[in-house]
Amino acid sequence: MDGLSYALTALTTPTIVLSAAGGVLWGILGGALPGLSPSIAMALVLPFTFDMSPLAAIIMLTSVYIGAEYGGSIPAILIRTPGTNAAAATVIDGYTLHQQGRGGEALGLSLVAGTIAGLVGLICLVFLTKPLAMVALYFTPPAYFALAFLGLSIIAALSEGSLIKGLIMGVIGLMLAMVGTDPLSGAPRFTFGEPDLLGGIDYIFVMLGVFAVAELMNKVSTPDDGEGSVIKNTITRMRLPGLRKMWELRRAQTIGTGLGIIEGPIPGAGGTVAAFLSYNEAKRWSKTPEKFGHGSEEGVVAPEAANNAVTSSALIPTLSFGIPGSNSMAILLGGLLIHGIQPGPMLLSNRPDLVYGLFGGLFMANIFMLILGMLVLTPCIWLVNRPKPYLTACIMMVVLSGIYSINQSLFDFWIVLAAGVVGYVMRRLEFPVLPLILGIVLGYMIESSYRRSLLLTNGDHIVFLQNPLSLGLLCCAALIIGLAAYAEIRRARKPQDMHG
Amino acid sequence: MRATFIVSCLLFLLAVAYWLGADQISVSRLAGGVGADGMPKLLAVALGVLSLAFATQTFFQMRAKKLAAPADPVKESDEPANWHQHARAMGLIVLGGFYILLLPHLGYMLSSMLMLGGVSFYAGLKPSLRMLAFAVIGGVVYYLIFTRILGIPLPSGFWPRLF
């Protein structure tokens, strides 16, 4: 009952309502801009959440995520360019429907299917968070170390084809996390006499650099003549589907929602995998599979339901264990830590107001998505049609203005620009970004819990194997790394076999 | 692939430098058995091993590629991709650097105008009255949003001294 009252308090607090509405609005606009992924949209808004209450800040960040996942479908349907990776599956039938003069219908289907899936995903999140939080009582420093180690082992699953590259980026992330004052002794480390580095390197600056600045560098690397992606005469009026229509499409809706909920918590899977999987499954189970690829309504509903269901279920590992499974969740985790909130097993017992308030905020964000999704269609189309150089300049200014708002320090600008260069080089050499972020975010937790555990046992490492929870988590981590290494070896052998 | 090999060597050098940096960390009894330098040294070793493994992997891949297609000069010249593109990308960082240097002197509004105009020009727009209007109006809008509405104390530059 307390949970419900916390959620209702959030629902009736004007600043929270405004945060959710503002977040969804920015998310839809950001998601609609091709190249601006949900994680970049979240990173851009992160500096402006500093002066907000932790709850308002977290609701704003998750609302951006929710809005961006829907926003990505607008250019996917109208200009055959997915605004986000997860909207790529929507292009197939969404754009065909638009060519048939049914773009408004496709947008309506995408919006309603996404809202329903988001709300169902939220219900799952509410029911799953509490049982997972029950294990909180068993968490001691060794278990926390093992949990952080498990989080790092996910790097193996997120290495996008090269385990060594992923591990290298994870180690560099941890190295950056070591900068600043030592958590136990207070000794300065790698500060080079610079007072601005005594507090360490804020995750936010690295995130802004490797996501936003690197993306802008990529954009300007090929000059644009200023015409942008203009598609004239595509102003479409959205047509929401009726209840009967949604009942007809219930199979695709259920498949999309179900797969989205399952895929969301899996590290590295996310909305894109869920969308393509559900498109495939919806086609397999459809009564009219021949329509897929030729303007099928189910072909729009299934992927859109999937990528919106992911927005809720992806929160489960982030909130319950402090383990982010995607770039967007890593930024949310950074946002939580910046506001002094340690996600993990104790979150629900320590801050029930925040967890249940967030659930209330997510409910609101999904409703706002339905309302704002209809209202901002025309501005979105206008924005997508702006010449790219103007957009690049505006986004660069948002980044630069946002950095200064955090510490009012010019030094932070240099960190962001340096992180931008690193992010650009990583992208060109195909190094994955997420392990770097995971390393920075989990660095403090892994070091402090490791050293505290050893303090308790006078340096005896057996403590990590004596605690059953710690042992179980370490075994899971070993399994994840082992499977990734096995997959890597198999991948490496394949071409040799072919040559042989 | 040659660029990847060079990067792996640079990563090894970074690991060595990081170890030397970790060695400079002052030791305290409060730090416990592991010490403030323990984790950084462990990470330096990890990066060293990984970068060597990466260099070896890249070396063998290069050799295998050479054996598979000995006369493929086109591929070789493709690496490292397109230096002109990379130089353009770095140009944005240079613009950002100028912005940081000018901001305390010119103030937020004027610096923003220059930055908006500079980046849109650099990103491909031809100089025009429309671009100038975009930079000026954009600078004012950003000033109003960040300084007036959000109340962020952004540098005001030399302007207060004039009035």
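In the block above lies the structure referred to throughout.
Here's what I pulled together on the structure shown here. This is a predicted model, so every value here is computed, not measured. (Residues numbered from 1 in each chain as written. Chains lettered and ligands numbered in written order. Predicted model: local features only at pLDDT ≥ 70, side-chain atom pairs only at ≥ 80, totals over all residues. Heavy atoms only, no water.)

Here we look at the overall build of chain B
So, point 1. Each helix and strand counted, chain B has seven helices and zero strands in total.
So, point 2. Along chain B, helices and strands appear, N-terminal first, in the series α-α-α-α-α-α-α.
So, point 3. Summarising the internal contacts of chain B: among those between residues at least 6 apart in sequence, 65% fall at separations of at least 24. (Helix = DSSP H or I, 4+ residues; strand = E, 2+ residues; numbered from the N terminus. Contact = heavy atoms within 4.5 Å.)

Comments concerning the interface of chain A and chain B
So, point 1. Taken together, the contact between chain A and chain B spans 56 residues of the former and 61 residues of the latter.
So, point 2. Both faces combined, the contact of chain A with chain B buries some 5200 Å², and carbon together with sulfur accounts for 82% of it.
So, point 3. When the buried area of chain A at its contact with chain B is split by residue, A:Met175, A:Tyr390 and A:Met397 rank highest and sum to 13% of it.
So, point 4. In this assembly, chain A and chain B are joined by zero salt bridges.
So, point 5. At the level of secondary structure, the elements contributing two or more residues to the side of chain A that touches chain B comprise helix H9 (163-177), strand S2 (188-189), helix H10 (203-220), helix H20 (388-407), helix H21 (411-428) and helix H22 (434-456) of chain A.
So, point 6. With 12 residues, H20(A) is the single largest residue contributor to the side of chain A that touches chain B.
So, point 7. Its residues assigned to classes, the side of chain A that touches chain B shows 39 nonpolar, eight polar and nine charged. (Buried area = accessible area lost by both parts, 1.4 Å probe. Salt bridge = Lys/Arg side-chain N within 4 Å of Asp/Glu carboxyl O. Nonpolar A, V, L, I, M, F, W, Y, C, P; charged D, E, K, R; others polar.)

Thoughts on the environment of B:Met113
Residues and elements named next belong to chain B.
So, point 1. Tracing the sequence through the fold places Met113 in helix H5 (residues 108-122).
So, point 2. As for Met113 and Met131, which are separated by 18 residues in sequence, their C-alpha atoms are 11 Å apart.
So, point 3. If we ignore the near neighbours within four places in the chain, the residues touching Met113 are Ala135, Val136, Gly139 and Val140.

As for a nonpolar patch on the surface
All names here are of chain B.
So, point 1. Taken together, the side chains of Ile6, Leu10, Phe12, Leu13, Val16, Trp19, Leu20, Val45, Val49 and Leu52 define a hydrophobic patch exposed on the protein surface, amounting to about 900 Å² of accessible area.
So, point 2. Looking at the nonpolar patch, the elements that each hand over two or more residues are helix H1 (2-23) and helix H2 (38-68).
So, point 3. Ranked by the residues each element gives to the nonpolar patch, the list is headed by H1, at seven residues.
So, point 4. As for its position among the elements, Leu52 is in helix H2.
So, point 5. Its relative accessible area of 45% is what places Leu52 among the partly exposed residues. (Patch = residues over 30% accessible without salt bridge, like charges linked within 9 Å, V, L, I, M, F, W, Y side chains within 5 Å. Areas by Shrake-Rupley, 256 points an atom, 1.4 Å probe, with all protein chains shown as cover. Buried < 20%, exposed > 50% of the residue type's maximum accessible area, 1.4 Å probe, protein only.)

Describing the environment of A:Pro343
Residue and element names in this part refer to chain A.
So, point 1. Here Pro343 lies in the loop between helix H16 (327-338) and helix H17 (347-350).
So, point 2. By relative accessible area, which is 3% here, Pro343 ends up buried.
So, point 3. Sequence separation between Pro343 and Ser37 is 306 residues; the distance between their C-alpha atoms is 24 Å.
So, point 4. Leaving out residues up to four positions away in the same chain, Pro343 has contacts with Thr318, Leu319, Gly322, Leu333, Leu336 and Leu337.

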